[in-house]
Amino acid sequence: MEILVQKGDILEVATDLLVVGAYESELLHDPFTERLNELLGGKMTKMAKAQEFEAKLGQTLIFAAPDKMDMEYVMVVGLGELKSSVVEAARLASGTAVQMAKKMGLRKIAIEFFGEDHEEFSAKNTAEAMTEALLLADYQFNVYKKRKGVSIKEVIIVAEDGRDARSAEKGIEKGRICVDGTTVARDLVNTPGQDMTPTRLAEAAEEISRISGETVKVEIFDRAQVEKMGMGAYLAVAQGADSELKFIHLTYTPTVDYKKTVAVVGKGVTFDSGGLSLKPGSSMETMKCDMAGAATVLGLFTALGRLQPKVAVHGIIAACENMPSGRAIRPGDIVKSANGKTIEILNTDAEGRLTLADALHYAQKFEPDYLVDLATLTGAIVVGLGEEIAGVFSNDNVLSNKLVKAGEETGEDMCALPLHSAYKKLIQSEVADIQNTSTSRYGGSITAALFLSEFINSSQKWAHIDIAGPAFAERPMNSYTGLGGTGFGVRTLIRWIEEL
Ligand SMILES: [Zn+2]
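Residues numbered from 1 in each chain as written. Predicted model: local features only at pLDDT ≥ 70, side-chain atom pairs only at ≥ 80, totals over all residues.

- Under the annotation held in an unreviewed UniProt entry, the protein chain carries the name Probable cytosol aminopeptidase and is attributed to Candidatus Uhrbacteria bacterium CG_4_9_14_3_um_filter_41_35.
- On record in UniProt, under Function (unreviewed entry), the comment for the protein chain is "Presumably involved in the processing and regular turnover of intracellular proteins. Catalyzes the removal of unsubstituted N-terminal amino acids from various peptides." (UniProt positions renumbered as here; feature names shortened; annotations may be inferred.)

1. Description of the overall build of the protein chain
Part 1: Across its full length, the protein chain holds 15 helices and 19 strands.
Part 2: For the protein chain, whose C-alpha radius of gyration is 24 Å, the value lies close to the compact-globule estimate of 23 Å for 500 residues.
Part 3: Dimensions of the protein chain, computed from the C-alpha atoms along their principal axes, are close to 80 × 50 × 45 Å.
Part 4: Counting the 500 residues in the protein chain, one finds 54% classified as buried.
Part 5: Intrachain contacts of the protein chain at a sequence separation of at least 6 include 78% that bridge at least 24 residues. (Helix = DSSP H or I, 4+ residues; strand = E, 2+ residues; numbered from the N terminus. Rg over C-alpha atoms; globule rule 2.2 N^0.38 Å. Buried ≥ 20, exposed ≤ 12 C-beta atoms within 10 Å, placed from the backbone. Contact = placed C-beta atoms within 7 Å.)

2. Observations regarding the nonpolar core
Part 1: If you look at the biggest cluster of nonpolar residues, it comprises 165 residues, and the most contacted ones within it are A97, I157, L201, Y234, L298, A319 and L360.
Part 2: In terms of residue count, helix α3 (residues 86-103) provides more of this core than any other element does, ten residues in total.
Part 3: Residue assignment places this core across two domains, with domain 1 (2-145 + 152-161) and domain 2 (179-498) each supplying three or more.
Part 4: Ignoring sequence-local partners within four residues, the contact set of A319 consists of P198, L201, A202, L245, K246, I248, G268, T270, M291 and A294. (Core = buried A, V, L, I, M, F, W, Y, C linked by C-beta atoms within 7 Å. Domains from an automatic or database assignment.)

3. Observations concerning the UniProt feature "active site" (unreviewed entry) in the protein chain
Part 1: Under the UniProt annotation, the feature "active site" (unreviewed entry) is placed at K279 and R353.
Part 2: With near-sequence residues (within four places) excluded, K279 lies in contact with S273, G274, M284 and D349.
Part 3: Among the structural elements, R353 can be located in helix α11 (residues 352-363).
Part 4: Among the residues examined, R353 registers 28 C-beta atoms within 10 Å and is labelled buried.
Part 5: With near-sequence residues (within four places) excluded, R353 lies in contact with L377, N436, A448, F451 and L452.

4. Some words on the pairing of strand β8 (residues 246-252)
Part 1: For β8, a buried count of seven out of seven residues is recorded, marking the element as mostly surrounded by other parts of the structure.
Part 2: The side-chain alternation of β8 yields two buried faces, one formed by K246, I248, L250 and Y252 and the other by F247, H249 and T251.
Part 3: Where strand β7 (residues 216-221) and β8 come together, six bridges link them in antiparallel fashion. Within the sheet, the bridge partner assigned to V218 lies in β8 and is L250.
Part 4: One ladder, built from seven bridges, connects β8 with strand β10 (residues 311-322); its direction is antiparallel. Opposite Y252, over in β10, you have V313 as the bridge partner. (Pairing = 2+ DSSP bridges.)

5. Quick word on the environment of E112
Part 1: With respect to the helices and strands, the residue E112 is situated in strand β5 (residues 108-112).
Part 2: Judged by C-beta crowding, with 26 C-beta atoms within 10 Å, E112 ranks as buried.
Part 3: A sequence separation of 19 residues divides E112 from A93, and the C-alpha atoms of the two residues are 9.9 Å apart.
Part 4: If sequence neighbours within four positions are ignored, E112 has contacts with I10, V19, V20, G21, F32 and V158.

6. Describing helix α10 (residues 292-307)
Part 1: Helix length check: α10 (16 residues) gives 22 Å between terminal C-alpha atoms against 22 Å at 1.5 Å per residue, within 8%.
Part 2: Here α10 lies mainly inside the structure; 13 of its 16 residues are buried.
Part 3: Looking at the residues trailing α10, positive phi occurs at Q308, about 50 degrees. (Expected span 1.5 Å × (residues − 1).)

7. Remarks on the packing of helix α13 (residues 397-410) against helix α15 (residues 490-498)
Part 1: Between α13 and α15, the shortest axis-to-axis distance is 8 Å and the interhelical angle comes to 120 degrees. Here α15 runs oblique to α13, going by the angle between their axes. The handedness of the crossing between α13 and α15 is right-handed. Contact with α13, carried on its side by K402, L403, A406, G407, E409 and T410, involves R491, T492, R495 and W496 of α15 and no other residues of that element.
Part 2: Its residues placed into classes, the contact of α13 with α15 shows three nonpolar, three polar and four charged. (Axes fitted to C-alpha atoms, helices over the stretch in contact; angles between N-to-C directions. Parallel < 35°, antiparallel > 145°, perpendicular 65-115°, else oblique. Left-handed = near helix turned anticlockwise from the far one by under 90°. Nonpolar A, V, L, I, M, F, W, Y, C, P; charged D, E, K, R; others polar.)

8. Points about the domain arrangement of the protein chain
Often, the extent of an interface is quoted as the loss of accessible area on bringing the components together.
Part 1: Under the domain assignment, the protein chain is made up of domain 1 (2-145 + 152-161) and domain 2 (179-498).
Part 2: When each unit is reduced to the centre of its C-alpha atoms, the spacing between domain 1 and domain 2 is 38 Å.
Part 3: Taken residue by residue, the interface counts 14 residues in domain 1 and 14 residues in domain 2.
Part 4: When residues of the side of domain 1 that touches domain 2 are traced back to their parent elements, those giving at least two are α3 and α4 (123-137).
Part 5: Among the elements that make up the side of domain 1 that touches domain 2, the one with the highest residue count is α3 (six residues).
Part 6: Here the residues of the side of domain 1 that touches domain 2 sort into seven nonpolar, four polar and three charged.

Structure follows, in structure tokens:
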């Protein structure tokens, strides 16, 4: 999809579908819709009334363009209330434009450059947000399909005279890089477990390093090396599978002086059957997405090489498959993690925290200023927050606030939740230092986070993001996030890292 900014009168652009926005209170006070209505001899107001179109967020009103205009159709898209987030409204409207054009078999769109140049939603930010949604909405995963869908060919963002077109172009460029990273993550998640093995994940990391040039390096460790590092918890999860485990360590090093180092750990269970604590069939259907945290890390690194932020980043993935077999770990088995703590494994389906325990321990060797992990860790988080919000657990409020805020700005919703230490009693084991499941059926995402905290050094600033809800959309989330892998977290992490 080609995206360009063009200055001029939006009603004179040659295109297939013209998209203008309107605020709820201003349908007929908006300069474009007012003129459109005049050109249509007042028909637009009539149609709006008949269709109960009130310019509520996401509502659409479509009609054939007046003869005098050089376009086929016009769509008015609701931006909701004036006081709502302009950037997110711009995203949602842009996504709707793409969806509608595809449905109508149209390949070219001209869209109003939403908002005004304003500190909060500068031309760059708005153009970046619009580009993100335009490209994300156009995403399709058709590797395994004979019938490929059509994509949008061209989008012209039409800017009024006063707008800063040069900044908008920068925003488009940035938005494209963020989406390229998100797309990498989406593709990795959508690829079925048969093909998305730990080895394939490692190859993807190598490929990212290769195309990123000197700044992104990767190291892959095999089973023998992982054994040498004493990662007994991670090995326990991997031992039931025929596929070989791969421990992946990516590093991005800026070419200029830098002050901060961060480490991002992603859960990389390429398929989670539950192990001997086998999941019911229906719960297993989407378990190819259990490496979504890893996919987010790889998506992030795709972007880092191109954005070159002044922060060093480690990306760490303990990739393996969780399968039942004669070699699989049994409930009741006790293993020793890399930091020396012993773990009683009571449920082999609580495996993510085992792989993360060793990955988090490894990450702290590099003394990062901040350590963040992303994991499709618990069903409990989805029960609590629903399918679209991630939960953030952190031992540092500043860090957690910054992550939540970065998420707000990118339209990836996250909510800070308590790392309530009194619940540690629920994961105490009779026979080992700790156990991998809680003795209570409640608060499962908190006890999972507390389990991870057992592997975090006391001085380490750390946040755990449970993305089990939004990492994989079982129904479309919004106009630019359709079914399947969402790449959740890539854009938020980029924003957070750039602002460190
Ligand atoms: Zn599991």
